[in-house]
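Observations on the model geometry
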Amino acid sequence: MLAAVSLGQKDDAGTPARQPRSASPYPEDVPSTGHVREFELVAAPTVLPLLDGRSLEVWAYNGQVPGPTLRANQGDTVRVRFTNKLPQPTTIHWHGIRLPNGMDGVPGVTQPPIPPGDTFVYEFKLKDAGTFWFHPHLRGSEQVERGLFGVLIVEDREPRLFTRELVWVLDDWRLDTSGQVDARFNTRHDLAHDGRWGQVSTVNGVSQPEVALRPGERVRLRLVNVANGRVFAPSFDGLDASVIAVDALATDRPLPASRLELAPGNRVDLDFIVPEALSGQRLEVVDRFTRRPFLLATLAVSGEAVSPPAKTEAATMPAPHLATARALPPSETFRLNARQGGPFGIEWTINDEAFRHEGEHASAHHRVYRLPAYQWAKLRFVNESYRLHPMHVHGQFFRVVARDGTPVDEGHWRDTVLIGPRETVDVAMFPQDVGAWMLHCHIQEHAESGMMTLVDVRAEDSQ
């Protein structure tokens, strides 16, 4: 049976202090455009020339890695007819999208697994503009690693003008001695560390690509980290770049891009103008997260200078008033740790519980944390381990308000936050979308071995 725990701020009488919907820090919904964007996605094994051009056996959406970039406008409805031609059941999770709970793609929670040969139709309205991505939520440590991921871009109703838009899907690959994807998944080493890190890093499936730019171009660069475990910290030294969106939503204000850090699941949008002074030069984009920096890509600036579009103000989100949320005691504390046991020999746990993935009703015997809708709540993550944990919440955005007790104002919303070894992080949420939503570590191996739980968002009249 479900063990439910009620979360959230309460008044003096002990009942939830529900706020009016007008108090929401971001729109609960947006008007529909009336347009339905229809897409077909097929997941199947294939062989592609990736990395340095070698033939690589992968699993792919529509025969490509990364999968197709789906595009629609804020307020559109997307209808995706998905067919599974893999040798395993699968689903599609729409990472970061606020959608009906039944479309979230979590097997055993929001839908049954999709067997080989079967088809499922996902349909939802796009409430938020920004950079999103999609991937399986079943055996993700294998299926994502083999190449199943793609990008969903939702255009704002009043998009900014850019000369060029680039989408960089960041990933790494662990290869065996034959140069193919190493088929040893969920190893004890990966589970005891920060998940599976590969020896070859790629941008859009290519190792160390060269990207041609013209001086004067105004570029919107959308970065997406789809890796199983690797954190990327790309350096754009030499460019006056601003961060204009994090995890899809626009920032409160343009933010400096001097220290980017993308954990698995994170997205960051950059805005920069290519300086004319770089004409004829090559600018290396180096990853600096680890002690050994390595080349991610090269920007080659050449050709006749162009005039960038007239400068427009960046789309921004109004900064929410967080005093109420900061003053709350933790609605719930999620302790993150590991123990011996489970099918892989090591289990990663939340509050000493490892989530079981087996069966069509995987959530039936797990603790569920209830979170009232339309009121601020503060969730505290306490990392009792010495490993990294990018914690992701489905169906919601949140703000980081403190790290190790020190107040934080990042200037943006998130759906995934990286929690360092022995670190405590407080986040503030104002949930609006009802349903049972996953909360989990986005290191695929940690999630696969149990670091998941459920948050059940309920409207007051359904308590």
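So, here is what we can say about the structure in this document. Every residue gets a number counted from 1 within its own chain, in the order that chain's sequence is written. At least 70 in pLDDT is required for a residue's local features to be given in this predicted model, at least 80 for side-chain atom pairs to be given and counted, and no such filter applies to totals for whole chains, interfaces and linings, which use all residues. Only hydrogens and water are set aside when side-chain values are computed; all heavy atoms of the structure are taken into account.

We now examine the pattern of salt bridges. Put simply, a salt bridge is a Lys or Arg side-chain nitrogen that is within 4 Å of an Asp or Glu carboxyl oxygen. Scanning the model with the defined rule gives 37 salt bridges in all. With its nearest N and O atoms 2.9 Å apart, the salt bridge here joins R146 to E142. Here the two residues R146 and E142 agree in accessibility, since each one is buried. Residue D409 pairs with R399 through a salt bridge whose shortest N-O separation is 3.8 Å. Placement of D409 in the loop between β26 (406-407) and β27 (416-419) and of R399 in strand β25 (residues 398-403) is noted, with a sequence separation of ten residues between them. Relative accessibility decides the category of a residue: with a 1.4 Å probe and only protein chains considered, values under 20% of the type maximum give buried, values over 50% give exposed, and everything between is partly exposed. For D409, a relative accessible area of 52% gives the class exposed. Of the residues examined, R399 reaches a relative accessible area of 3% and is grouped as buried. Bridged by salt links that share partners, the residues R71, E155, E165, R220, R222 and D269 form one connected network. Elements are defined by DSSP. Helices are runs of H or I of four residues or more, strands are runs of E of two residues or more, and each kind is numbered from the N terminus.

For the rest of this paragraph, the subject is empty space enclosed by the protein. Both site types are read off a 1 Å grid over the protein atoms alone. A 1.4 Å probe that fits but cannot get out defines a cavity, while an open set with protein on both sides within 12 Å along at least five of seven lines defines a pocket; lining residues have an atom within 4 Å of a point. Grid points are joined across faces, edges and corners, and a volume is the space filled by probe spheres set on the points. For the coordinates displayed, the defined rule picks out one cavity of 30 Å³ or more. Forming the boundary of the largest cavity are I350, E353, F355, H366, R367, Y369, M452 and T453. At the level of secondary structure, the elements contributing two or more residues to the lining of the largest cavity comprise β22 (367-372) and β30 (452-458). Residues were grouped as follows: Ala, Val, Leu, Ile, Met, Phe, Trp, Tyr, Cys and Pro as nonpolar; Asp, Glu, Lys and Arg as charged; and all remaining residues, including Gly, as polar. Among the residues forming the lining of the largest cavity, the class breakdown is four nonpolar, two polar and two charged.

For the rest of this paragraph, the subject is the side chain of R414. Within the secondary structure, R414 is located in the loop between β26 and β27. Counting of polar contacts relies on pairs of N or O atoms within 3.5 Å, with two restrictions inside protein: one atom must be capable of donating a hydrogen and the other of accepting it, and residues adjacent in sequence are counted only when both atoms are side-chain atoms. A polar contact is formed between the side chain of R414 and the side chain of E410, at a distance of 2.9 Å. Filtering out sequence-adjacent residues up to four positions away, R414 remains in contact with D247, N266, Q396, F397, F398 and V400. In what follows, a contact means two residues having at least one pair of non-hydrogen atoms within 4.5 Å.

Before going further, it helps to spend a moment on the sheet that holds strand β28 (residues 424-429). Note: two strands are recorded as paired if DSSP finds a minimum of 2 bridges between them. Judged by pairing direction, the sheet is mixed, and its six strands sit side by side in the order β21-β20-β23-β28-β25-β26 without closing on themselves. With one partner strand each, in any of the chains shown, β21 (346-350) and β26 form the two edges of the open sheet. Pairing geometry for strand β20 (residues 332-340) and strand β23 (residues 377-383), over five bridges, is parallel. Within the sheet, the bridge partner assigned to R335 lies in β23 and is V382.

One finds L41, W94, Y122, F124, L152, M391 and L439 to be the most contacted residues of the largest nonpolar core, which totals 69 residues. Discounting residues that sit within four places of it in the chain, L41 has contacts with Y61, N62, P68, L70, V80, R81, F82, T83, I92, W94 and F134. Here, the term nonpolar core denotes a set of buried Ala, Val, Leu, Ile, Met, Phe, Trp, Tyr and Cys residues that are joined through side-chain atoms within 4.5 Å. The next biggest cluster of nonpolar side chains, apart from the first, holds 31 residues, and it includes L255, L278, L296 and A297.

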